[in-house]
Amino acid sequence: AFFKDPNVIPNLKLLSDSSGQWITLGSEVKKIEATNVPCTQLSMSFFHRLYDEDIVRDDGHIIKCLDSFCDPFPISDELRKVLLVEDSEKYEIFSQADREEFLFCLFKHLCLGGALCQYEDVLNPYLETTKLIYKDLVSVRKNPQTKKIQITSSIFKVTAYVSVKGNLQPINLITGY
C-alpha cells in the first residue's frame, strides 16, 4: 500500500546509478519483496577481529596493501580487501552470517562510501559513525526476566520492482521498525 500511495510515487527519491543524482521513483511499483536482515549484535566488539587478524594495527591505522580494483571500488588497504575480495586470505574472518548482520552492512556501506568517498586511514571514525547510526536505528530493551539487553527492532531489505520498457527492474531499500 505504501508504494501505491499517490503521495509516495512522486516524492520517493532514489539515487541514480548512472548520474549519481537523486531522482524521483516516477513510476508505479509492480512487485515488492521484503527480506529480514539479521540484527542481533549488541556490541562493537564484533569488529575486534579486525585488530586480531592484522587488518588494523593496534594504534588503529588500517594496514595498506598494493592497489587493486573491485568494480567499482578501489582497494588500497586490507579493510576494503576483507570487505570486498572473496578470494583474499582474510575474507573469511567474517562468516556469511556475520556479513548479513545489519551492523556489518551498515559498517560496510560507511567504509566503502560512494564514487566521491575519501577513505579514512584509521578505523575509529568508521566504528564511531557506525555505532552512532546503529544506536539511532535499532531499539533495545532490558528483558524483565533475564535482565539482559535485547534488540526489539526488525530490519528488512525491501526490494521494489518497477517496470522499465516492459522489464521489472529492482530498487533496493532498507527499512526497519
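If you look the protein up in an unreviewed UniProt entry, it shows as Cilia- and flagella-associated protein 300 from Panthera tigris altaica. In its Function (unreviewed entry) section, UniProt records this for the protein: "Cilium- and flagellum-specific protein that plays a role in axonemal structure organization and motility. May play a role in outer and inner dynein arm assembly." According to the UniProt record, the Subcellular location (unreviewed entry) comment for the protein reads "Cytoplasm, Cytoskeleton, Cilium axoneme".

Caption draft 1: The overall build of the protein, seen in detail. Summing up its helical and strand segments, the protein has five helices and nine strands in all. Listed by position from the N terminus, the elements making up the protein come as β-β-β-α-β-β-α-α-α-α-β-β-β-β. Principal-axis analysis of the C-alpha atoms gives the protein an extent of 55 × 50 × 25 Å. Counting only contacts in the protein whose residues sit at least 6 apart along the sequence, the fraction spanning at least 24 positions is 51%. Accessible surface computed for the protein: about 11500 Å², of which carbon and sulfur atoms make up 51%. Looking at charge distribution, the protein has the averaged site of its 20 positive side-chain charges lying 9 Å from that of its 24 negative ones.

Caption draft 2: Layout of the nonpolar core. Of all hydrophobic cores here, the largest spans 33 residues; its most connected members are Phe47, Leu50, Leu79, Leu83, Phe107, Leu123 and Tyr134. Counting residues per element, the ones that place at least two in this core are strand S5 (73-77), helix H2 (78-84), helix H4 (102-112) and helix H5 (124-137). Excluding residues within four positions of it along the chain, Leu83 makes contact with Tyr91, Arg99, Phe104, Phe107, Lys108, Cys111 and Leu112. Counting nine residues, the second-largest nonpolar core is a separate cluster that includes Val8, Val158, Ala160 and Ile171.

Caption draft 3: Representation of the packing of H4 against H5 within the structure. At a minimum axis distance of 9 Å, the contact between H4 and H5 shows a crossing angle of 130 degrees. Relative to H5, the element H4 is oriented oblique. Viewed along their axes, H4 and H5 form a crossing whose handedness is right-handed. Taken together, the residues of H5 that come into contact with H4 (itself represented by Phe102, Leu103, Leu106, Phe107, Leu110 and Cys111) are Tyr126, Leu127, Thr129, Thr130, Ile133, Tyr134 and Leu137. Partitioning the contact of H4 with H5 into residue classes produces 11 nonpolar, two polar and no charged.

Caption draft 4: Expanded view of a nonpolar patch on the surface. A contiguous nonpolar surface patch, about 270 Å² in accessible area, is contributed by Leu42, Val140 and Ile149. Within the secondary structure, Leu42 is located in the loop between strand S3 (29-37) and helix H1 (49-52).

Caption draft 5: H5, seen in detail. Taking 1.5 Å as the rise per residue, H5 with 14 residues should run 20 Å; its terminal C-alpha atoms sit 20 Å apart, in good agreement. Where the residues of H5 are buried, they touch H1, H2, H4 and strand S7 (149-151).

Caption draft 6: Inspection of a negative patch on the surface at higher detail. A surface patch of like charges, here negative, comprises Asp52, Glu53, Asp54, Asp58 and Asp59. Among the structural elements, Glu53 can be located in the loop between H1 and strand S4 (64-70). Residue Glu53 is classed as partly exposed on the basis of its relative accessible area, which comes to 34%.

Caption draft 7: Quick look at the packing of aromatic side chains. The final tally for this structure, using the stated rule, is six aromatic pairs. Between Phe47 and Phe107, the ring centres sit 4.3 Å apart and the planes meet at 35 degrees, which makes this aromatic pair tilted. Residue Phe47 is located in the loop between S3 and H1, and its partner Phe107 is located in helix H4; the two are separated by 60 residues in the primary sequence. Taken together, Phe46, Phe47, Phe94, Phe104 and Phe107 form an aromatic cluster joined through their ring pairs. The ring centre of Tyr161 lies 4.9 Å from the NZ or CZ of Lys31, which sits over that ring. When the ring centre of Tyr91 is taken as reference, the NZ or CZ atom of Arg99 above it lies at 3.5 Å.

Cut-offs and rules
- Residues numbered from 1 in each chain as written.
- Predicted model: local features only at pLDDT ≥ 70, side-chain atom pairs only at ≥ 80, totals over all residues.
- Heavy atoms only, no water.
- UniProt positions renumbered as here; feature names shortened; annotations may be inferred.
- Helix = DSSP H or I, 4+ residues; strand = E, 2+ residues; numbered from the N terminus.
- Contact = heavy atoms within 4.5 Å.
- Areas by Shrake-Rupley, 256 points an atom, 1.4 Å probe, with all protein chains shown as cover.
- Lys, Arg positive; Asp, Glu negative; His and termini not counted.
- Charge placed at Lys NZ, Arg CZ, Asp CG, Glu CD.
- Core = buried A, V, L, I, M, F, W, Y, C linked by side-chain atoms within 4.5 Å.
- Buried < 20%, exposed > 50% of the residue type's maximum accessible area, 1.4 Å probe, protein only.
- Axes fitted to C-alpha atoms, helices over the stretch in contact; angles between N-to-C directions.
- Parallel < 35°, antiparallel > 145°, perpendicular 65-115°, else oblique.
- Left-handed = near helix turned anticlockwise from the far one by under 90°.
- Nonpolar A, V, L, I, M, F, W, Y, C, P; charged D, E, K, R; others polar.
- Patch = residues over 30% accessible without salt bridge, like charges linked within 9 Å, V, L, I, M, F, W, Y side chains within 5 Å.
- Salt bridge = Lys/Arg side-chain N within 4 Å of Asp/Glu carboxyl O.
- Expected span 1.5 Å × (residues − 1).
- Phe/Tyr/Trp six-rings, centres within 6.5 Å; stacked < 30°, edge-to-face > 60°.
- Lys NZ or Arg CZ within 6 Å of the ring centre and 35° of its normal.

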